[in-house]
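Here is how the chains run, residue by residue.
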Amino acid sequence: MDNELKDIALRLQGIIETAIDGIITIDQKGIVETVNPAAANQFGYDPTEIIGHNIKMLMPDPYHSEHDGYLHRYNTTKEPRIIGIGREVTGKTKEGKLFPFRLAVSEVILNNRVIFTGIIHDLTDIKTAEQNLLNLNEQLEEKIQIRTDELEQAVNRLLATNKEVEDREKKLAVALSKEKELNELKSRFVSMASHEFRTPLSTIMSSASLISKYTKEEHNEKRAKHVNRIKSAVVNLTGILNDFLSLSKIEEGKVEVKKSEVEVEGLCKLVIEEVKGLLKNGQTIQHSIDDEVNSLLTDERILKNVLFNLISNAIKYSKTEGEISCHISKIENGVCFNIKDNGIGIPEEEQKHLFERFFRASNVENIQGTGLGMSIVKRYVELLGGDISFESALGKGTTFTVNIKNLS
Ligand SMILES: Nc1ncnc2c1ncn2[C@@H]1O[C@H](COP(=O)(O)OP(=O)(O)O)[C@@H](O)[C@H]1O
Ligand SMILES: [Mg+2]
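Bear in mind the structure is a predicted one, so any value in this text is a computation, not a measurement. (Residues numbered from 1 in each chain as written. Chains lettered and ligands numbered in written order. Predicted model: local features only at pLDDT ≥ 70, side-chain atom pairs only at ≥ 80, totals over all residues.)

**Examining the overall build of the protein chain**
Broken down by element type, the protein chain carries nine helices and 12 strands. Expected size for 408 residues packed as a compact globule is a radius of gyration near 22 Å; at 56 Å, the protein chain overshoots this value by more than 25%. Taking the principal axes of its C-alpha atoms as reference, the protein chain extends roughly 175 × 45 × 40 Å. (Helix = DSSP H or I, 4+ residues; strand = E, 2+ residues; numbered from the N terminus. Rg over C-alpha atoms; globule rule 2.2 N^0.38 Å.)

Next up, the structure:
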(Lines give C-alpha, C1' and ligand atoms only; values in the text may rest on other atoms or scores of the structure.)
(Ligands and ions follow the chains in the order given, each with its own letter.)
Protein backbone atom coordinates (compact mmCIF):
# COMPACT_ATOMS: atom_id res chain seq x y z
CA MET A 1 0.00 0.00 0.00
CA ASP A 2 2.78 2.38 0.93
CA ASN A 3 4.57 1.46 -2.25
CA GLU A 4 1.46 2.01 -4.27
CA LEU A 5 1.00 5.53 -2.83
CA LYS A 6 4.59 6.32 -3.49
CA ASP A 7 4.13 5.17 -7.02
CA ILE A 8 1.07 7.43 -7.51
CA ALA A 9 2.88 10.38 -5.93
CA LEU A 10 5.84 9.86 -8.23
CA ARG A 11 3.63 9.56 -11.22
CA LEU A 12 1.77 12.77 -10.29
CA GLN A 13 5.06 14.49 -9.67
CA GLY A 14 6.24 13.39 -13.10
CA ILE A 15 3.11 14.66 -14.76
CA ILE A 16 3.35 18.02 -13.02
CA GLU A 17 7.06 18.41 -13.64
CA THR A 18 6.70 17.74 -17.38
CA ALA A 19 3.39 19.56 -17.98
CA ILE A 20 3.52 22.19 -20.72
CA ASP A 21 1.19 24.49 -18.79
CA GLY A 22 2.47 26.12 -15.66
CA ILE A 23 1.08 24.84 -12.38
CA ILE A 24 1.37 26.82 -9.19
CA THR A 25 -0.22 26.16 -5.82
CA ILE A 26 -0.76 28.76 -3.13
CA ASP A 27 -2.17 28.76 0.34
CA GLN A 28 -5.15 30.70 1.57
CA LYS A 29 -3.05 33.80 2.06
CA GLY A 30 -1.59 33.64 -1.41
CA ILE A 31 1.82 32.35 -0.49
CA VAL A 32 3.28 30.13 -3.22
CA GLU A 33 3.86 26.56 -2.11
CA THR A 34 4.81 24.78 -5.32
CA VAL A 35 5.85 25.86 -8.79
CA ASN A 36 6.38 23.45 -11.66
CA PRO A 37 9.27 24.09 -14.11
CA ALA A 38 6.88 25.24 -16.83
CA ALA A 39 5.47 27.98 -14.56
CA ALA A 40 8.94 29.04 -13.39
CA ASN A 41 9.98 29.22 -17.01
CA GLN A 42 6.92 31.18 -18.03
CA PHE A 43 7.69 33.88 -15.46
CA GLY A 44 11.47 33.71 -15.88
CA TYR A 45 12.20 32.89 -12.26
CA ASP A 46 13.96 30.10 -10.54
CA PRO A 47 11.33 28.17 -8.49
CA THR A 48 13.18 29.08 -5.32
CA GLU A 49 12.62 32.76 -6.08
CA ILE A 50 8.88 32.24 -6.10
CA ILE A 51 8.20 29.61 -3.45
CA GLY A 52 7.38 31.22 -0.12
CA HIS A 53 6.51 34.55 -1.73
CA ASN A 54 3.10 36.01 -2.38
CA ILE A 55 1.64 35.00 -5.75
CA LYS A 56 0.90 38.63 -6.51
CA MET A 57 4.59 39.07 -7.39
CA LEU A 58 3.66 37.46 -10.69
CA MET A 59 0.89 39.95 -11.38
CA PRO A 60 0.98 43.47 -12.82
CA ASP A 61 -1.19 46.14 -11.35
CA PRO A 62 -4.11 46.45 -10.66
CA TYR A 63 -4.26 42.70 -9.85
CA HIS A 64 -1.03 42.96 -7.93
CA SER A 65 -2.51 45.28 -5.34
CA GLU A 66 -5.97 43.83 -5.36
CA HIS A 67 -5.12 40.16 -5.07
CA ASP A 68 -5.07 40.04 -1.28
CA GLY A 69 -8.54 41.49 -1.32
CA TYR A 70 -9.75 38.86 -3.80
CA LEU A 71 -8.49 36.08 -1.63
CA HIS A 72 -9.97 37.56 1.50
CA ARG A 73 -13.32 38.03 -0.12
CA TYR A 74 -13.35 34.49 -1.42
CA ASN A 75 -12.33 33.07 1.87
CA THR A 76 -15.14 34.87 3.65
CA THR A 77 -17.95 34.70 1.07
CA LYS A 78 -16.92 31.55 -0.87
CA GLU A 79 -18.34 33.26 -3.85
CA PRO A 80 -16.15 32.31 -6.78
CA ARG A 81 -15.00 34.90 -9.26
CA ILE A 82 -12.33 32.84 -10.91
CA ILE A 83 -12.17 29.59 -9.05
CA GLY A 84 -13.63 26.83 -11.15
CA ILE A 85 -14.26 29.31 -13.93
CA GLY A 86 -11.01 30.37 -15.44
CA ARG A 87 -10.32 33.50 -17.37
CA GLU A 88 -7.79 35.39 -19.40
CA VAL A 89 -5.35 37.38 -17.30
CA THR A 90 -1.99 39.06 -17.59
CA GLY A 91 1.19 37.86 -16.02
CA LYS A 92 4.36 39.73 -15.25
CA THR A 93 7.78 38.12 -15.71
CA LYS A 94 10.85 38.73 -13.67
CA GLU A 95 12.06 41.10 -16.39
CA GLY A 96 8.80 43.00 -16.07
CA LYS A 97 7.41 41.80 -19.37
CA LEU A 98 3.65 41.27 -19.50
CA PHE A 99 2.12 38.27 -21.20
CA PRO A 100 -1.40 36.97 -21.61
CA PHE A 101 -2.43 33.58 -20.30
CA ARG A 102 -5.47 31.59 -19.50
CA LEU A 103 -5.75 30.91 -15.76
CA ALA A 104 -7.75 28.01 -14.38
CA VAL A 105 -7.90 28.02 -10.61
CA SER A 106 -9.20 25.19 -8.52
CA GLU A 107 -9.57 24.81 -4.80
CA VAL A 108 -8.19 21.75 -3.10
CA ILE A 109 -8.64 20.78 0.49
CA LEU A 110 -5.63 18.79 1.72
CA ASN A 111 -5.29 17.71 5.31
CA ASN A 112 -8.01 20.22 6.37
CA ARG A 113 -6.12 22.96 4.68
CA VAL A 114 -7.26 24.91 1.65
CA ILE A 115 -4.85 25.31 -1.20
CA PHE A 116 -5.45 26.81 -4.60
CA THR A 117 -4.02 25.37 -7.77
CA GLY A 118 -3.54 27.61 -10.74
CA ILE A 119 -2.94 26.23 -14.21
CA ILE A 120 -1.31 28.74 -16.51
CA HIS A 121 -1.78 28.33 -20.20
CA ASP A 122 0.34 30.84 -22.13
CA LEU A 123 -1.69 32.71 -24.76
CA THR A 124 1.16 34.74 -26.23
CA ASP A 125 1.28 32.73 -29.45
CA ILE A 126 -2.48 32.70 -29.87
CA LYS A 127 -2.65 36.40 -29.17
CA THR A 128 0.16 37.12 -31.60
CA ALA A 129 -1.55 34.97 -34.20
CA GLU A 130 -4.78 36.79 -33.49
CA GLN A 131 -3.06 40.12 -33.76
CA ASN A 132 -1.39 39.03 -36.99
CA LEU A 133 -4.74 38.00 -38.31
CA LEU A 134 -6.19 41.35 -37.33
CA ASN A 135 -3.28 43.12 -38.98
CA LEU A 136 -3.65 41.02 -42.07
CA ASN A 137 -7.33 41.75 -42.15
CA GLU A 138 -6.63 45.42 -41.82
CA GLN A 139 -4.07 45.29 -44.62
CA LEU A 140 -6.51 43.36 -46.71
CA GLU A 141 -9.19 45.94 -46.07
CA GLU A 142 -6.75 48.69 -46.98
CA LYS A 143 -5.85 46.87 -50.15
CA ILE A 144 -9.49 46.37 -50.98
CA GLN A 145 -10.11 50.05 -50.35
CA ILE A 146 -7.24 51.00 -52.65
CA ARG A 147 -8.44 48.58 -55.31
CA THR A 148 -11.99 49.88 -54.95
CA ASP A 149 -10.74 53.43 -55.33
CA GLU A 150 -8.73 52.46 -58.38
CA LEU A 151 -11.71 50.70 -59.82
CA GLU A 152 -13.89 53.69 -59.13
CA GLN A 153 -11.38 55.97 -60.82
CA ALA A 154 -11.23 53.65 -63.79
CA VAL A 155 -15.00 53.61 -63.99
CA ASN A 156 -15.09 57.39 -63.71
CA ARG A 157 -12.50 57.70 -66.44
CA LEU A 158 -14.54 55.38 -68.56
CA LEU A 159 -17.66 57.40 -67.88
CA ALA A 160 -15.83 60.62 -68.71
CA THR A 161 -14.54 59.16 -71.96
CA ASN A 162 -18.00 57.94 -72.73
CA LYS A 163 -19.38 61.39 -72.10
CA GLU A 164 -16.69 62.91 -74.27
CA VAL A 165 -17.58 60.55 -77.06
CA GLU A 166 -21.25 61.32 -76.58
CA ASP A 167 -20.56 65.05 -76.54
CA ARG A 168 -18.47 64.75 -79.65
CA GLU A 169 -21.20 62.79 -81.34
CA LYS A 170 -23.77 65.34 -80.29
CA LYS A 171 -21.61 68.19 -81.55
CA LEU A 172 -21.03 66.31 -84.76
CA ALA A 173 -24.75 65.75 -85.16
CA VAL A 174 -25.42 69.43 -84.52
CA ALA A 175 -22.68 70.44 -86.96
CA LEU A 176 -24.05 67.99 -89.48
CA SER A 177 -27.61 69.22 -89.22
CA LYS A 178 -26.35 72.78 -89.32
CA GLU A 179 -24.34 71.98 -92.40
CA LYS A 180 -27.36 70.31 -93.94
CA GLU A 181 -29.51 73.30 -93.12
CA LEU A 182 -26.86 75.59 -94.56
CA ASN A 183 -26.66 73.54 -97.73
CA GLU A 184 -30.42 73.64 -98.11
CA LEU A 185 -30.33 77.36 -97.53
CA LYS A 186 -27.60 77.81 -100.09
CA SER A 187 -29.32 75.77 -102.74
CA ARG A 188 -32.58 77.57 -102.04
CA PHE A 189 -30.71 80.81 -102.29
CA VAL A 190 -28.90 79.85 -105.47
CA SER A 191 -32.12 78.88 -107.22
CA MET A 192 -33.74 82.09 -106.07
CA ALA A 193 -30.70 84.21 -106.90
CA SER A 194 -30.39 82.77 -110.38
CA HIS A 195 -34.01 83.76 -110.88
CA GLU A 196 -33.48 87.19 -109.36
CA PHE A 197 -30.35 87.76 -111.42
CA ARG A 198 -32.23 87.32 -114.65
CA THR A 199 -34.19 90.59 -114.57
CA PRO A 200 -31.35 92.97 -113.74
CA LEU A 201 -29.07 91.15 -116.17
CA SER A 202 -31.59 91.45 -119.01
CA THR A 203 -32.11 95.11 -118.06
CA ILE A 204 -28.38 95.65 -118.32
CA MET A 205 -28.29 93.78 -121.60
CA SER A 206 -31.13 95.69 -123.25
CA SER A 207 -30.05 99.07 -121.89
CA ALA A 208 -26.50 98.45 -123.06
CA SER A 209 -27.60 97.50 -126.54
CA LEU A 210 -29.88 100.54 -126.68
CA ILE A 211 -27.06 102.82 -125.54
CA SER A 212 -24.90 101.52 -128.34
CA LYS A 213 -27.58 102.70 -130.76
CA TYR A 214 -27.91 106.17 -129.25
CA THR A 215 -24.90 107.70 -130.91
CA LYS A 216 -26.19 111.18 -131.59
CA GLU A 217 -26.03 114.32 -129.49
CA GLU A 218 -29.84 114.52 -129.18
CA HIS A 219 -29.92 111.01 -127.69
CA ASN A 220 -28.03 112.19 -124.60
CA GLU A 221 -31.07 112.14 -122.38
CA LYS A 222 -32.09 108.61 -123.41
CA ARG A 223 -28.54 107.43 -123.02
CA ALA A 224 -28.40 108.84 -119.52
CA LYS A 225 -31.67 107.11 -118.68
CA HIS A 226 -30.29 103.75 -119.73
CA VAL A 227 -27.01 104.32 -117.96
CA ASN A 228 -29.06 104.89 -114.81
CA ARG A 229 -31.02 101.71 -115.43
CA ILE A 230 -27.79 99.80 -115.72
CA LYS A 231 -26.50 101.39 -112.53
CA SER A 232 -29.67 100.49 -110.69
CA ALA A 233 -29.54 96.92 -111.95
CA VAL A 234 -25.95 96.64 -110.81
CA VAL A 235 -26.87 97.95 -107.35
CA ASN A 236 -29.61 95.34 -107.25
CA LEU A 237 -27.22 92.56 -108.18
CA THR A 238 -24.70 93.79 -105.63
CA GLY A 239 -27.44 93.77 -103.02
CA ILE A 240 -28.36 90.18 -103.79
CA LEU A 241 -24.73 89.10 -103.72
CA ASN A 242 -24.18 90.95 -100.44
CA ASP A 243 -27.21 89.24 -98.95
CA PHE A 244 -25.82 85.88 -99.99
CA LEU A 245 -22.37 86.56 -98.59
CA SER A 246 -23.75 87.99 -95.35
CA LEU A 247 -26.09 85.08 -94.88
CA SER A 248 -23.38 82.45 -95.39
CA LYS A 249 -21.09 84.26 -93.01
CA ILE A 250 -23.76 84.64 -90.36
CA GLU A 251 -24.80 81.01 -90.67
CA GLU A 252 -21.22 79.82 -90.43
CA GLY A 253 -20.72 82.03 -87.39
CA LYS A 254 -17.90 83.78 -89.19
CA VAL A 255 -19.02 87.34 -88.72
CA GLU A 256 -16.40 89.11 -86.71
CA VAL A 257 -17.32 92.31 -84.95
CA LYS A 258 -14.48 94.80 -85.39
CA LYS A 259 -15.03 98.02 -83.54
CA SER A 260 -13.84 101.42 -84.53
CA GLU A 261 -15.02 105.02 -84.08
CA VAL A 262 -17.69 105.43 -86.73
CA GLU A 263 -18.63 108.87 -87.95
CA VAL A 264 -22.33 108.15 -88.42
CA GLU A 265 -23.34 111.06 -90.63
CA GLY A 266 -20.53 110.32 -93.07
CA LEU A 267 -21.57 106.69 -93.15
CA CYS A 268 -25.17 107.63 -93.79
CA LYS A 269 -24.17 109.90 -96.69
CA LEU A 270 -22.02 107.14 -98.15
CA VAL A 271 -24.91 104.66 -98.10
CA ILE A 272 -27.27 107.22 -99.64
CA GLU A 273 -24.72 107.83 -102.39
CA GLU A 274 -24.55 104.09 -103.08
CA VAL A 275 -28.32 103.56 -103.28
CA LYS A 276 -29.00 106.63 -105.40
CA GLY A 277 -28.89 104.43 -108.46
CA LEU A 278 -32.04 102.75 -107.21
CA LEU A 279 -34.08 105.93 -106.92
CA LYS A 280 -37.09 106.03 -109.14
CA ASN A 281 -38.22 109.13 -110.95
CA GLY A 282 -39.40 111.73 -108.52
CA GLN A 283 -38.18 109.88 -105.43
CA THR A 284 -36.17 111.94 -102.99
CA ILE A 285 -33.90 110.87 -100.22
CA GLN A 286 -32.56 113.07 -97.49
CA HIS A 287 -30.82 112.73 -94.19
CA SER A 288 -30.70 114.83 -91.04
CA ILE A 289 -28.78 114.65 -87.81
CA ASP A 290 -29.22 116.16 -84.38
CA ASP A 291 -26.46 118.46 -83.20
CA GLU A 292 -25.37 116.53 -80.19
CA VAL A 293 -24.73 113.19 -81.95
CA ASN A 294 -21.24 111.88 -81.41
CA SER A 295 -19.32 109.24 -83.27
CA LEU A 296 -20.24 105.65 -82.44
CA LEU A 297 -17.92 102.86 -81.32
CA THR A 298 -19.16 99.93 -83.40
CA ASP A 299 -18.48 97.78 -86.47
CA GLU A 300 -18.66 100.09 -89.47
CA ARG A 301 -19.09 97.40 -92.15
CA ILE A 302 -21.98 95.75 -90.33
CA LEU A 303 -23.71 99.04 -89.56
CA LYS A 304 -23.31 100.08 -93.19
CA ASN A 305 -24.92 96.86 -94.35
CA VAL A 306 -27.86 97.46 -92.00
CA LEU A 307 -28.41 101.00 -93.27
CA PHE A 308 -27.97 99.88 -96.88
CA ASN A 309 -30.66 97.23 -96.51
CA LEU A 310 -33.12 99.52 -94.78
CA ILE A 311 -32.64 102.45 -97.14
CA SER A 312 -32.73 100.31 -100.29
CA ASN A 313 -35.95 98.68 -99.05
CA ALA A 314 -37.42 102.13 -98.40
CA ILE A 315 -36.67 103.06 -102.00
CA LYS A 316 -37.78 99.74 -103.42
CA TYR A 317 -41.09 99.67 -101.58
CA SER A 318 -42.06 103.28 -102.32
CA LYS A 319 -43.81 104.66 -105.35
CA THR A 320 -42.38 107.35 -107.54
CA GLU A 321 -42.38 110.74 -105.85
CA GLY A 322 -41.90 108.97 -102.54
CA GLU A 323 -39.94 110.69 -99.82
CA ILE A 324 -37.35 108.74 -97.95
CA SER A 325 -35.54 110.10 -94.94
CA CYS A 326 -32.85 109.01 -92.59
CA HIS A 327 -32.74 110.80 -89.29
CA ILE A 328 -29.95 110.34 -86.79
CA SER A 329 -30.42 111.21 -83.14
CA LYS A 330 -28.69 110.63 -79.85
CA ILE A 331 -29.68 108.03 -77.30
CA GLU A 332 -27.98 107.17 -74.04
CA ASN A 333 -24.49 105.93 -74.91
CA GLY A 334 -25.39 105.50 -78.57
CA VAL A 335 -27.13 106.54 -81.71
CA CYS A 336 -30.65 106.06 -83.08
CA PHE A 337 -31.37 105.75 -86.81
CA ASN A 338 -34.89 106.40 -88.15
CA ILE A 339 -35.46 105.32 -91.72
CA LYS A 340 -38.80 106.47 -92.95
CA ASP A 341 -40.70 106.04 -96.18
CA ASN A 342 -44.23 106.78 -97.32
CA GLY A 343 -44.37 103.68 -99.47
CA ILE A 344 -46.59 100.62 -99.77
CA GLY A 345 -46.31 99.54 -96.14
CA ILE A 346 -46.54 96.02 -94.75
CA PRO A 347 -49.90 94.28 -94.24
CA GLU A 348 -50.52 94.24 -90.50
CA GLU A 349 -51.18 90.51 -90.16
CA GLU A 350 -47.89 89.75 -91.96
CA GLN A 351 -45.74 92.12 -89.93
CA LYS A 352 -44.81 89.47 -87.38
CA HIS A 353 -42.93 87.55 -90.10
CA LEU A 354 -40.87 90.50 -91.24
CA PHE A 355 -37.57 89.26 -89.82
CA GLU A 356 -37.99 85.68 -91.03
CA ARG A 357 -35.81 84.35 -93.79
CA PHE A 358 -37.34 84.45 -97.29
CA PHE A 359 -40.34 86.39 -96.04
CA ARG A 360 -41.88 88.61 -98.68
CA ALA A 361 -45.15 90.34 -98.01
CA SER A 362 -48.15 89.65 -100.21
CA ASN A 363 -48.16 93.22 -101.57
CA VAL A 364 -44.70 93.00 -103.17
CA GLU A 365 -45.37 90.35 -105.80
CA ASN A 366 -44.27 92.54 -108.67
CA ILE A 367 -41.16 93.87 -106.97
CA GLN A 368 -37.94 91.95 -107.10
CA GLY A 369 -36.36 90.65 -103.93
CA THR A 370 -34.96 87.70 -102.05
CA GLY A 371 -36.69 88.05 -98.70
CA LEU A 372 -33.34 87.75 -96.96
CA GLY A 373 -32.38 91.35 -96.23
CA MET A 374 -34.43 91.87 -93.09
CA SER A 375 -33.39 88.57 -91.48
CA ILE A 376 -29.79 89.60 -92.05
CA VAL A 377 -30.42 93.08 -90.69
CA LYS A 378 -31.95 91.61 -87.55
CA ARG A 379 -28.97 89.32 -86.95
CA TYR A 380 -26.52 92.13 -87.65
CA VAL A 381 -28.23 94.49 -85.23
CA GLU A 382 -28.11 91.78 -82.58
CA LEU A 383 -24.41 91.25 -83.26
CA LEU A 384 -23.88 94.95 -82.56
CA GLY A 385 -25.85 94.61 -79.33
CA GLY A 386 -28.57 96.91 -80.63
CA ASP A 387 -32.29 96.61 -81.29
CA ILE A 388 -34.57 97.17 -84.23
CA SER A 389 -38.29 97.90 -84.41
CA PHE A 390 -40.70 99.25 -86.99
CA GLU A 391 -44.07 100.77 -87.52
CA SER A 392 -45.92 100.28 -90.76
CA ALA A 393 -49.31 101.05 -92.22
CA LEU A 394 -50.47 99.54 -95.46
CA GLY A 395 -50.33 102.10 -98.28
CA LYS A 396 -49.04 104.79 -95.93
CA GLY A 397 -45.47 103.94 -95.20
CA THR A 398 -42.99 102.34 -92.89
CA THR A 399 -40.52 103.62 -90.32
CA PHE A 400 -37.66 101.54 -88.99
CA THR A 401 -35.94 102.48 -85.75
CA VAL A 402 -32.49 101.10 -85.02
CA ASN A 403 -30.78 101.78 -81.70
CA ILE A 404 -27.07 101.05 -81.59
CA LYS A 405 -25.03 101.58 -78.46
CA ASN A 406 -21.31 101.99 -78.18
CA LEU A 407 -19.59 98.63 -77.91
CA SER A 408 -17.65 98.23 -74.69
N1 LIG B 1 -39.70 99.71 -96.22
C2 LIG B 1 -40.54 98.71 -96.48
N3 LIG B 1 -41.81 98.95 -96.90
C4 LIG B 1 -42.66 97.97 -97.16
N5 LIG B 1 -42.35 96.65 -97.05
C6 LIG B 1 -41.12 96.34 -96.64
C7 LIG B 1 -40.15 97.33 -96.32
N8 LIG B 1 -39.03 96.71 -95.94
C9 LIG B 1 -39.28 95.40 -96.00
N10 LIG B 1 -40.52 95.16 -96.44
C11 LIG B 1 -41.18 93.86 -96.59
O12 LIG B 1 -40.36 92.88 -96.02
C13 LIG B 1 -40.00 91.91 -96.98
C14 LIG B 1 -38.64 91.39 -96.68
O15 LIG B 1 -37.66 92.37 -96.92
P16 LIG B 1 -36.21 91.92 -97.26
O17 LIG B 1 -35.86 90.90 -96.27
O18 LIG B 1 -35.37 93.11 -97.37
O19 LIG B 1 -36.36 91.16 -98.62
P20 LIG B 1 -36.52 91.73 -100.07
O21 LIG B 1 -36.39 93.19 -100.03
O22 LIG B 1 -35.46 91.06 -100.86
O23 LIG B 1 -37.90 91.29 -100.46
C24 LIG B 1 -40.15 92.59 -98.28
O25 LIG B 1 -40.35 91.67 -99.29
C26 LIG B 1 -41.35 93.46 -98.02
O27 LIG B 1 -42.53 92.72 -98.14
MG1 LIG C 1 -34.55 94.08 -99.14
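That shown, we press on.
**Considering the site of ligand 1**
In the vicinity of ligand 1 lie 21 residues, with Y317, A361, G369, G373 and M374 positioned nearest. Those elements that provide at least two residues to the shell around ligand 1 are helix 8 (300-316) and helix 9 (373-383). With three residues, helix 8 is the single largest residue contributor to the shell around ligand 1. Class assignment for the residues of the shell around ligand 1 results in 10 nonpolar, nine polar and two charged. (Near = placed C-beta within 6 Å. Nonpolar A, V, L, I, M, F, W, Y, C, P; charged D, E, K, R; others polar.)

**Structural notes on the packing of helix 8 against helix 9**
In contact at an axis separation of 9 Å, helix 8 and helix 9 are set at 145° when each is read in the N-to-C sense. Seen along the crossing, helix 8 lies across helix 9 with a hand that is left-handed. Between helix 8, through I302, N305, V306, N309, L310 and N313, and helix 9, the contact on the second element is made entirely by G373, I376, V377, Y380, V381 and L383. (Axes fitted to C-alpha atoms, helices over the stretch in contact; angles between N-to-C directions. Left-handed = near helix turned anticlockwise from the far one by under 90°. Contact = placed C-beta atoms within 7 Å.)

**A look at the sheet that holds strand 3 (residues 87-92)**
Reading across the sheet, the five strands line up as 2-1-5-4-3 and stay open at both edges, with antiparallel pairing between neighbours. The sheet terminates laterally at strand 2 (32-35) and strand 3, the two strands that pair on one side only. Direction aside, neighbouring strands of the sheet carry axes that sit 35° apart on average. (Pairing = 2+ DSSP bridges.)

**With respect to the sheet that holds strand 7 (residues 284-289)**
Ordered by their spatial adjacency, five strands build an open sheet running 7-9-10-12-11, and the pairing between neighbours is mixed. With partners counted over all chains shown, the strands left at the sheet margins are strand 7 and strand 11 (387-393), one partner each. Neighbour-to-neighbour, the strand axes of this sheet turn through a mean angle of 15°, independent of strand direction. Here strand 9 (residues 323-331) runs beside strand 10 (residues 334-341); their pairing, made up of seven bridges, is antiparallel. The partner of H327 across the bridge, within strand 10, is N338. Sheet strands touched by helix 8: strand 9, strand 10 and strand 12 (397-405). Its angle to strand 10, the strand with the most contacts, is close to 20°.

**Details of the nonpolar core**
Burial of nonpolar side chains together is a common tendency in soluble globular proteins. Counting 36 residues, the largest nonpolar core has V306, L307, L310 and I311 as its most contacted members. Of all the elements in the fold, those that place two or more residues in this core are helix 7 (264-275), helix 8, strand 9, strand 10, helix 9 and strand 12. In terms of residue count, helix 8 provides more of this core than any other element does, nine residues in total. Among all residues touching L307, those that are not within four sequence positions of it are L267, C268, V271 and F337. (Core = buried A, V, L, I, M, F, W, Y, C linked by C-beta atoms within 7 Å. Buried ≥ 20, exposed ≤ 12 C-beta atoms within 10 Å, placed from the backbone.)

**Some words on the pairing of strand 5 (residues 113-122)**
Summarising the sheet, strand 1 (residues 22-27) and strand 5 pair through six bridges and their orientation is antiparallel. The residue bridging I24 from the neighbouring strand is G118, located in strand 5. If you look at the hairpin formed by strand 4 (residues 98-110) and strand 5, you'll find two residues sitting between the two strands, and N111 has a positive phi there, around 50°.

**Considerations on the packing of helix 6 (residues 220-251) against helix 9**
Close contact between helix 6 and helix 9 brings their axes to 10 Å; oriented N to C, the two are set at 45°. The angle between the axes of helix 6 and helix 9 places the two elements in the oblique class. In this structure, helix 6 meets helix 9 at a crossing whose hand is left-handed. For the pair helix 6 and helix 9, contact is made by D243, S246, L247 and I250 and by G373, I376 and R379, respectively. (Parallel < 35°, antiparallel > 145°, perpendicular 65-115°, else oblique.)

**A word on the environment of I83**
Considering the arrangement of structural elements, one finds I83 in the loop between helix 4 (63-77) and strand 3. The exposure class of I83 is partly exposed, given the 17 C-beta atoms found within 10 Å. Note: C-alpha distance between I83 and T117 (34 residues apart in sequence) is 9.3 Å. Excluding its chain neighbours within four sequence positions, the residues that come into contact with I83 are Y74, V105, S106 and E107.

**Quick word on helix 5 (residues 124-213)**
The end-to-end C-alpha distance of helix 5 is 128 Å, a good match for the 134 Å that 90 residues give at a rise of 1.5 Å each. The largest bend along helix 5 measures about 25° and falls at R198, with the proline P200 one to four residues further on. Counting buried residues along helix 5, only three of its 90 residues qualify, which leaves the element largely exposed. Those residues of helix 5 that fall on the buried side of the exposure criterion are F189, P200 and S207. The secondary structure elements touched by the buried residues of helix 5 are helix 6. (Expected span 1.5 Å × (residues − 1). Bend = angle between axes of the 7 residues up to and from the residue.)

**Notes on the domain arrangement of the protein chain**
By a widely used convention, the size of an interface equals the accessible area lost when the partners come together. The domain boundaries assigned to the protein chain delineate domain 1 (2-122) and domain 2 (257-405). In this structure, domain 1 and domain 2 have C-alpha centres spaced 115 Å apart. (Domains from an automatic or database assignment.)

**Thoughts on the confidence of the model for the protein chain**
Overall, the predicted model of the protein chain reaches an average pLDDT of 91, with 100% of residues at or above 70. Summarising per-element confidence for the protein chain, the mean pLDDT is lowest in helix 6 (86) and highest in strand 11 (98). (pLDDT = per-residue confidence, 0-100.)

**Re unusual backbone geometry**
Of note, the bond from D61 into P62 is cis; its omega dihedral lies within 30 degrees of zero at 5°. With respect to the helices and strands, the residue P62 is situated in the loop between helix 3 (47-50) and helix 4. Of note in this structure, N112 is not a glycine but carries a positive phi near 65°. What makes N112 exposed here is the crowd of 5 C-beta atoms within 10 Å.

**So, the environment of F337**
You can see F337 is positioned in strand 10. Considered as a pair, F337 and L307 are 30 residues apart in the sequence and their alpha carbons are 8.6 Å apart. Those residues in contact with F337, other than ones at most four positions away along the chain, are L307, C326, I328 and V402.

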